[in-house]
Amino acid sequence: MRAAVLHEIGQDKLEILDDVEAVGFGPGRVRIRVRATGLCHSDLSAMGGVLPQPAPFVPGHEGAGEVLEVGEGVTRVKPGDRVVVCWLPACGACPACKRGQTELCLAGFMNAGTPNFKRPGGDVFGFAGTGTFAEEVVVDAGCAVPIPDDVPFDIAALIGCGVTTGLGAALNTADVEAGSSVAVIGCGGVGVSAIQGARLKGAAEIVAVDPVASRREAALEFGATKAVSPEELADAKQQITAGEGFDYVFEVVGRSTTARTAYETTRRGGTLVVVGAGALDDFLQLSMFELFFDEKRILPSMYGGGDVLHSYERTIALWRAGRIDLAGLITHRVPLTEINEALDQMRTGTALRTCIEI
Ligand SMILES: [Zn+2]
Ligand SMILES: [Zn+2]
């Protein structure tokens, strides 16, 4: 079957190969025919070595498709079911799962060193244990989450990562208060989802911050009340908060420099929500004095910071009711054979979300 493979960390092009096989099928496992997958910034980060990932590997972790076959003991899904691929499956039994924080379950990472694919040249891994830039994936049953028939595959794919991450940051982690002021730094698919979440919660002011003009325009359509370039952020802070700083600032880039800006843009006693996935060796500097004296709350948000399956259901309910726009997030749509062009669009920041149709 066909898959897009990165041979070595640091390369920027994927090779489309037709000799790849999804491996690991057996008890408790599910084989999925991938139909749509989103291109998430974390895929680029893994390709570039910012996020830890063994190579060669098939990127992609935001996918949806239909179940082809199920292994022994799998009862939640059956062949023909439509599913979202969840890259962070909950075991249901660990302390984090029992507390309802399934986004902190580590069970899905236990197989991190196990290849998901093979080809004549050897083993191939799947990003985050999935690897959805492929016609088929074999995953744990917990990674195959059934979705209702009215949710198209392209929409379902977004729910698999970006939308869950961005919406959850506003709804679960920050729990934005009505009437508050919000700034969102980084307005790709995740940032725009955080904007939609802040709007749902009734934020009065939502400032979108992004260097790319087309993303700023898009952010306004998704609920931002103002959109500025990073250079204009200090002025916006002055104008909107009389210099005090925003009640909530979302960092959706994953770099210490933007996190530092976000910290400085948060008002004393306000909340900085860290959503971006950053590197192991990129350190955020804060002085012990400012940390104590300014009483700013720093809230990291992993995969939406809450019960993952509940987040999926809530997103579908909000989408069905027309309270959030998911179709509008898909600004580009390409077949798997054009994946490298799609990666370039992601790098230049012209895409909110690219849907790869497989
Ligand atoms: Zn668990
Ligand atoms: Zn992602």
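This structure is a prediction, so every number in the text was calculated from the model and none was measured.

On to the overall build of the chain, then. Helix and strand counts for the chain come out as 11 helices and 19 strands. For 358 residues, the compact-globule formula gives about 21 Å, and the C-alpha radius of gyration of the chain, at 20 Å, lands near that figure. C-alpha atoms of the chain, sized along the principal axes, occupy 60 × 40 × 40 Å. Among the 358 residues that make up the chain, the fraction classed as buried is 53%. Partitioning the intrachain contacts of the chain with sequence separation of at least 6 by distance along the chain shows that 70% fall at a separation of at least 24. Counting 31 positive and 45 negative side-chain charges, the chain places the averaged centre of each group 4 Å from the other.

We now examine the sheet that holds strand β9 (residues 122-126). Ordered in space as β3-β8-β9-β5, the four strands form an open sheet in which the pairing is mixed. Here the strands that pair on one side only, and so sit at the sheet edges, are β3 (21-22) and β5 (57-58). The pairing of β3 with strand β8 (residues 117-119) spans two bridges and is classified as antiparallel. By the bridge assignment, A22 is partnered in β8 with F117.

So, on to a nonpolar patch on the surface. Judged by side-chain polarity, L104, L106, F109, M110 and M302 come together as a nonpolar surface patch covering roughly 500 Å² of accessible area. Summarising the element assignment, L106 is placed in the loop between α2 (95-98) and β8.

Right, let's get into the coordination of the zinc ion (ligand 1). Protein coordination at the zinc ion (ligand 1) comes from C91 (SG), C94 (SG), C97 (SG) and C105 (SG), with a distance range of 2.3 to 2.4 Å. Ordering the donors of the zinc ion (ligand 1) by residue number gives the pattern C-x2-C-x2-C-x7-C.

The tally for this structure, following the rule as stated, stands at five aromatic pairs. Here the aromatic rings of F57 and F127 are separated by 6.1 Å at their centres, their planes lie at 55 degrees, and the arrangement is tilted. One end of the pair, F57, is in strand β5; the other, F127, is in the loop between β9 and β10 (136-140), and 70 residues separate them in sequence. One exposure class covers both F57 and F127, and it is buried. Within the aromatic cluster, the residues linked to one another by ring pairs are F289, F292 and F293.

With that settled, consider the domain arrangement of the chain. Segmentation of the chain into domains returns domain 1 (3-161 + 306-357) and domain 2 (163-300). The straight-line distance from the C-alpha centre of domain 1 to that of domain 2 is 27 Å. If you look at the interface, domain 1 gives 24 residues, while domain 2 gives 25 residues. Summing the contributions of domain 1 and of domain 2, the shared interface buries around 1,900 Å²; its carbon and sulfur component is 58%. The tally of links between domain 1 and domain 2 comes to zero salt bridges. In this structure, the connection of domain 1 to domain 2 is made through 10 residue pairs in polar contact (both at pLDDT 80 or more). Elements supplying a minimum of two residues to the side of domain 1 that touches domain 2: α3 (153-159) and α10 (308-320). In terms of residue count, α10 provides more of the side of domain 1 that touches domain 2 than any other element does, five residues in total. Looking at the side of domain 1 that touches domain 2 residue by residue, the class counts come to 12 nonpolar, eight polar and four charged.

In this structure, C40 (SG), H61 (NE2) and C161 (SG) serve as the protein donors to the zinc ion (ligand 2), at separations of 2.1 to 2.2 Å. Motif for the zinc ion (ligand 2), donor spacing along one chain: C-x20-H-x99-C. Linking C40 in the loop between β4 (29-38) and α1 (41-47) with H61 in the loop between β5 and β6 (63-70), this pair joins segments that are 21 residues apart in sequence. An identical accessibility class is assigned to C40 and H61; each is buried.

The next point concerns the state of the cysteines. With the rule as written, the count across this model stands at zero disulfides. The thiol of C143 is not disulfide-bonded; the next cysteine sulfur, from C86, is found 6.2 Å away.

Oppositely charged side chains can form a pair if their charged atoms are brought close together. Using the criterion set out here, one finds 19 salt bridges in the structure. D81 is the partner of K78 in a salt bridge, and the nearest nitrogen-oxygen pair spans 3.1 Å. Through salt bridges with shared partners, a single ionic network connects R31, E69 and E136.

Cut-offs applied
- Residues numbered from 1 in each chain as written.
- Chains lettered and ligands numbered in written order.
- Predicted model: local features only at pLDDT ≥ 70, side-chain atom pairs only at ≥ 80, totals over all residues.
- Heavy atoms only, no water.
- Helix = DSSP H or I, 4+ residues; strand = E, 2+ residues; numbered from the N terminus.
- Rg over C-alpha atoms; globule rule 2.2 N^0.38 Å.
- Buried < 20%, exposed > 50% of the residue type's maximum accessible area, 1.4 Å probe, protein only.
- Contact = heavy atoms within 4.5 Å.
- Lys, Arg positive; Asp, Glu negative; His and termini not counted.
- Charge placed at Lys NZ, Arg CZ, Asp CG, Glu CD.
- Pairing = 2+ DSSP bridges.
- Patch = residues over 30% accessible without salt bridge, like charges linked within 9 Å, V, L, I, M, F, W, Y side chains within 5 Å.
- Areas by Shrake-Rupley, 256 points an atom, 1.4 Å probe, with all protein chains shown as cover.
- Salt bridge = Lys/Arg side-chain N within 4 Å of Asp/Glu carboxyl O.
- Donors = N, O, S within 2.8 Å, 3.2 Å for Na, K, Ca; no water.
- Phe/Tyr/Trp six-rings, centres within 6.5 Å; stacked < 30°, edge-to-face > 60°.
- Domains from an automatic or database assignment.
- Buried area = accessible area lost by both parts, 1.4 Å probe.
- Polar contact = N/O pair within 3.5 Å; in protein donor to acceptor, adjacent residues only side chain to side chain.
- Nonpolar A, V, L, I, M, F, W, Y, C, P; charged D, E, K, R; others polar.
- Disulfide = S-S within 2.5 Å.

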